[in-house]
Amino acid sequence: MEKPEEFYSRGAEKFAEKYSMKNMPQAYKDLLDIFAEKEEKGKVLDAGCGTGRDIEYLTEIGLDVKGIDLAEGMIQHAKKNKKGKFQKMDVRDLEFNNEEFEGIWCNTVIHFFPKEEMSEVLDEFKRTVKPGGTLYVSFKIGGGTFIRERYGSEVKQYLIPEEKARKMLEDKGLKIEKVNKAELSGTTIMNILTEVEG
C-alpha cells in the first residue's frame, strides 16, 4: 500500500492519458463551466491539480489559476505538458494568505484522507477563499475504505455517507448550491459546488 502522492507519481503518465479532458463526461465539463462562470476572471486554486487537465481548461476560459499537488510526478508532468502555475503542496497545510482566492476547485482529492483530516482540509479551503467565493469538492460516497489497484500498486481511499458529507460542509459554513453524482471505476462520486459564507 502506497501513500497517494507515491501512487500517483508512479502513474502520472498513464493517468494523464486515461483522464484527459476529451475522455471526461459532459457533466464534468458543465461543472467546470459553472465554476468558471461564478468566478468570472478571478484568482482560483486547483487543489490536487494532478497533471494539469483542469487548469488548462480553466485558464483557456479566462481564470487566473494556480495548481498544487502533493505528488511530485504529477507536478513535473504538468509543468512539462501544460501551461500554468504548478507547485508541490499539501492541501492540509496551504501556503497561502487568508481569503487569497475567489474560488477553489478540488476534484477527487478529499477521499484520500480519513474523516478527521477531511475536516482539516475543508478548514484550510475556507480560510483561503473570500466570503461569497466558491468551493467545488468531490466525495466518494459509502462507508469504510476502498482499495484502488493500479500502476502496479495500491492506494487506500476513504468513503463517507452522503448525509455526513453534507453535514460536514454545512457545519463549516459552506452553503451547498449544486450536487450531482457519477459512477466512476466502481465507486459513487458526489460532486458539490458550495458558496463560502462570511
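Preceding block: the structure.
Another point: the environment of Lys-83. Note that Lys-83 resides in the loop between helix H5 (72-81) and strand E3 (85-88). For the pair formed by Lys-83 and Glu-60, sequence separation is 23 residues and the distance between their alpha carbons is 9.6 Å.

Let us now look at the pairing of strand E5 (residues 129-141). Pairing of strand E4 (residues 101-106) with E5 involves 5 bridges; the strand directions are parallel. Opposite Gly-103, over in E5, you have Thr-134 as the bridge partner. Regarding topology, helix H6 (residues 115-128) serves as the crossover connection from E4 to the parallel E5, and that connection is right-handed. In terms of strand pairing, E5 meets strand E9 (residues 187-196) through 8 bridges, oriented antiparallel. Residue pairing in the sheet places Tyr-136 in a bridge with Leu-193 of E9.

Either a parallel or an antiparallel arrangement is found when strands of a sheet pair, and the pairing is made through backbone hydrogen bonds. On the basis of which strands lie adjacent, the open sheet formed by 7 strands has the order E3-E2-E1-E4-E5-E9-E8 and mixed pairing. Unpaired on one side and paired on the other, E3 and strand E8 (174-184) mark the two borders of the sheet. Each strand axis lies, on average, 15° off the axis of its neighbour in the sheet, ignoring direction. Lying over the sheet, helix H3 (residues 26-39) contacts strand E1 (43-47), E4, E5, E8 and E9, oriented at roughly 170° with respect to E4. In this fold H6 packs onto E1, E4, E5, E8 and E9, with an angle of close to 155° to the strand it touches most, E5.

Going through the model one piece at a time under the given rule, you end up with 14 salt bridges. In this structure, Asp-90 and Arg-92 form a salt bridge, with 2.7 Å as the shortest nitrogen-oxygen distance. By relative accessible area, which is 19% here, Asp-90 ends up buried. Residue Glu-102 is joined to Lys-130 by a salt bridge in which the shortest nitrogen-to-oxygen separation is 2.6 Å. Residue Glu-102 is located in strand E4, and its partner Lys-130 is located in strand E5; the two are separated by 28 residues in the primary sequence. One network of salt bridges, in which partners are shared, links Asp-90, Arg-92 and Glu-117.

Here Leu-94 lies in the loop between E3 and E4. Take Leu-94: its relative accessible area is 5%, and that puts it in the buried class. Along the backbone, Leu-94 and Glu-124 are 30 residues apart, and their C-alpha atoms lie at a distance of 6.6 Å. Discounting chain neighbours no more than four positions away, the residues touching Leu-94 are Leu-45, Ile-68, Met-89, Glu-124, Phe-125, Arg-127 and Thr-128.

Moving on to the side chain of Glu-2. Mapped onto the secondary structure, Glu-2 falls in the segment before helix H1 (4-10). What makes Glu-2 buried here is its relative accessible area of 18%. Looking at Glu-2, its side chain comes within polar contact range of the side chain of Ser-153, at 2.8 Å. Not counting residues within four places of it along the chain, the set of residues in contact with Glu-2 comprises Phe-7, Arg-10, Ser-153, Glu-154 and Val-155.

Another point: unusual backbone geometry. A positive phi angle, near 55°, is found at Glu-99, a position not held by glycine. Inspection of the secondary structure puts Glu-99 in the loop between E3 and E4. We classify Glu-99 as partly exposed; its relative accessible area is 41%. At Thr-108, a residue that is not glycine, the phi angle is positive and equals roughly 45°.

This part is about the packing of H6 against helix H7 (residues 162-171). Look at H6 against H7: their axes get within 10 Å of each other, and the N-to-C directions meet at 35°. In terms of crossing hand, the pair formed by H6 and H7 is right-handed. Where H6 abuts H7, its residues Lys-115, Met-118, Ser-119 and Leu-122 lie against Lys-164, Met-168 and Leu-169. In terms of residue class, the contact of H6 with H7 is made up of 4 nonpolar, 1 polar and 2 charged.

Rules behind the numbers
Residues numbered from 1 in each chain as written. Predicted model: local features only at pLDDT ≥ 70, side-chain atom pairs only at ≥ 80, totals over all residues. Heavy atoms only, no water. Helix = DSSP H or I, 4+ residues; strand = E, 2+ residues; numbered from the N terminus. Pairing = 2+ DSSP bridges. Right-handed = clockwise from strand over helix to strand, strands pointing away. Axes fitted to C-alpha atoms, helices over the stretch in contact; angles between N-to-C directions. Contact = heavy atoms within 4.5 Å. Salt bridge = Lys/Arg side-chain N within 4 Å of Asp/Glu carboxyl O. Buried < 20%, exposed > 50% of the residue type's maximum accessible area, 1.4 Å probe, protein only. Polar contact = N/O pair within 3.5 Å; in protein donor to acceptor, adjacent residues only side chain to side chain. Left-handed = near helix turned anticlockwise from the far one by under 90°. Nonpolar A, V, L, I, M, F, W, Y, C, P; charged D, E, K, R; others polar.

Scope: geometric values only; no functional claims are made or implied.
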